[in-house]
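# Residue-level structure breakdown
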Amino acid sequence: MNQPALTPLDGRYYDRVKELVPYFSENALIKYRVKVELSWLSYITDIVGKPFDEEKRSAVKIIMDLFSNKDVEEIKKIEAETNHDVKAVELWIKNKLEGAGVSSDVQAYIHFGRTSEDINNLSYALMLKDARDEVIVPELHKITSRLHELSLQEERSVMMSHTHGQPATPTTLGKEVAVFERRVNMQIENIASLVIFGKCNGATGTYAADTIAYPEIDWPREMENFVESLGLVYNPLTTQIDSHDWLARLNNDLSLTGTILIGLSRDFWQYISMGYLTQKIVAGEVGSSTMPHKVNPIDFENAEANFGIANALFDHLSSKLPISRLQRDLSDSSAMRSLSEAYGHLLLALKSLQKGLTKVSGNPKKMEAELDDQWALLTEAVQTVMRKNGIVDAYDQMKSISRGKTITKDDLHKFINTLEINASEKQRLLELTPSTYIGNL
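Let me begin by describing the structure that accompanies this report.

## Points about the pattern of salt bridges
Overall, the coordinates contain 28 salt bridges when judged by the stated rule. Across the pair E26 and R337 runs a salt bridge, and its minimum N-O distance is 2.8 Å. Taken together, the positions of E26 in helix α3 (residues 26–47) and R337 in the loop between α14 (331–336) and α15 (339–358) put the pair 311 residues apart, joining distant regions of the chain. The exposure class of E26 is partly exposed, given its relative accessible area of 28%. When the shortest N-O distance is used, the salt bridge between K96 and D71 registers 3.6 Å. In this pair, K96 is assigned in helix α6 (residues 85–99) and D71 in helix α5 (residues 69–82), connecting sequence segments 25 residues apart. Through salt bridges that share partners, E26, R33, K76, E79, D85 and R337 make up one connected network.

Next comes the structure, spelled out in structure tokens:
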């Protein structure tokens, strides 16, 4: 019987985050552990002179290829007896290989020389690498793709800026969207290129068990080769656990990305409120249970909320995971299980934001109408040209006629006509309007 969901990620929002299940579920973690254990078995038997024959390699491949929820249940039954998750995987693999006719002298090398954290850190590293490359980065690209499309669509949509919430030098909606596009693209580069490390050097990082068994083998070199064969970069100097510094960097970059997108969500919410952006009407949707006219920006609100929850988790994990008491304590292991929630809320936020972005478009008529009455916005242009023409108190002159006042086109042109400046520059100022004062856009 299915249990009721404890969190909205496993209940209300499951269909929107289920892409992460193959990476972050308990079943997924167990599968990654099986993969690492079998990869290590294949590697160690080669270097100690007990290589698998093709038949035995085929048996290992079949175990991995046919791994299913039934296998997870068998491993969990073993864990119920051992009270140790990685040991349960080791014993399950032994049973499987024994059933496949693999000799006992090969079975003896399952988990050979390894501490459970050798297996765990590599499993988490592979899990996070795959989730990053196959889910999170593609979802971020969907965001920037839509932002790019919107920035081109609105590149000539001139609007009034607001600095400190007050009318300011005009810009274009397209340019403002492009600012977010560039910021997120820079984060994608950081996230996608971040080096993911793994360690495999024993119970306290000294290769002690490996060295006592085979002192003639260059274990640091072999472990580096093994970890790199998994697609990771080797961390040769650790305690029992990897330092998690790379994971803190990844969490920090994901948190910063979420912060940037919270800013985007809030700005778009505000642009909708101001009428600069309009929302597409979706048939059947209800904006308010009592006010039928409403089209609420709920996707941007949902995105903001879930980026915030994801960031809280990422920020905690970034500060928690790089710290371990002496050679290790178990608090990192417990904390890392919350990665699934952090990534779940991040993915939910990304999808909500994508949905909101597909519904909006600029409202140039509204933006132009606002600009028509904002001739004071040109005081920056006028005083700058006055300065160029040697008028030292240009700023103060403009301030005296405009600060805190309503200034009309006639007021501004009357002032410009009194200026003793270059004639062509005076004419350029007289031809300037709020909607054409957009600089190099």
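Let's pick the thread back up.
## Observations concerning the nonpolar core
Within the largest apolar cluster, 110 residues are counted, with the highest numbers of intra-cluster contacts made by F268 and Y343. No other element matches helix α8 (residues 116–153), which puts 15 residues into this core. Listed in part, the 19 residues of the second largest apolar core include W375, V385, I407 and L430.

## A short note on the pairing of strand β1 (residues 158–163)
The side chains of a regular strand alternate, first on one face of the sheet and then on the other. By the bridge criterion, five bridges tie β1 to strand β2 (residues 166–172) in an arrangement that is antiparallel. Paired with V158 across the strands is T172, a residue of β2. Counting the residues in the hairpin turn of β1 and β2 gives two residues, including H164, whose phi is positive at 60°.

## Describing helix α20 (residues 423–431)
When α20 is considered as a whole, its buried residues turn out to be E425, K426, L429 and L430. Axial view of α20: buried residues confined to an arc of 145°, hence all on one face. Exposed side of α20, more than 90 degrees from the buried face: A423 and E431 are the residues found there. Of the surrounding elements, those touching the buried residues of α20 are α17 (379–388) and α19 (409–417).

## Thoughts on the environment of I62
Among the structural elements, I62 can be located in helix α4 (residues 54–65). Once the C-alpha coordinates of I62 and H148 are considered, the two residues, 86 residues apart in sequence, prove to be 45 Å apart.

## Let's talk about the side chain of R146
Inspection of the secondary structure puts R146 in helix α8. Discounting residues that sit within four places of it in the chain, R146 has contacts with Q153, L357, T358 and V360.

## With respect to the packing of α8 against α15
Relative orientation of the contacting elements α8 and α15 amounts to 15°, with a least axis distance of 9 Å. It follows from the interaxial angle that α8 and α15 lie roughly parallel. Two packed elements cross with a definite hand, and for α8 against α15 that hand is left-handed. Touching Y124, L128, V135, I136, E139, L140, K142, I143, R146 and L147 of α8 are L339, Y343, L346, L347, L350, K351, L353, Q354, L357 and T358, all from α15. Looking at the contact of α8 with α15 residue by residue, the classes come out as 14 nonpolar, two polar and four charged.

Quick notes on the rules
- Residues numbered from 1 in each chain as written.
- Predicted model: local features only at pLDDT ≥ 70, side-chain atom pairs only at ≥ 80, totals over all residues.
- Heavy atoms only, no water.
- Salt bridge = Lys/Arg side-chain N within 4 Å of Asp/Glu carboxyl O.
- Helix = DSSP H or I, 4+ residues; strand = E, 2+ residues; numbered from the N terminus.
- Buried < 20%, exposed > 50% of the residue type's maximum accessible area, 1.4 Å probe, protein only.
- Core = buried A, V, L, I, M, F, W, Y, C linked by side-chain atoms within 4.5 Å.
- Pairing = 2+ DSSP bridges.
- Arc of directions from axis to C-beta.
- Contact = heavy atoms within 4.5 Å.
- Axes fitted to C-alpha atoms, helices over the stretch in contact; angles between N-to-C directions.
- Parallel < 35°, antiparallel > 145°, perpendicular 65-115°, else oblique.
- Left-handed = near helix turned anticlockwise from the far one by under 90°.
- Nonpolar A, V, L, I, M, F, W, Y, C, P; charged D, E, K, R; others polar.

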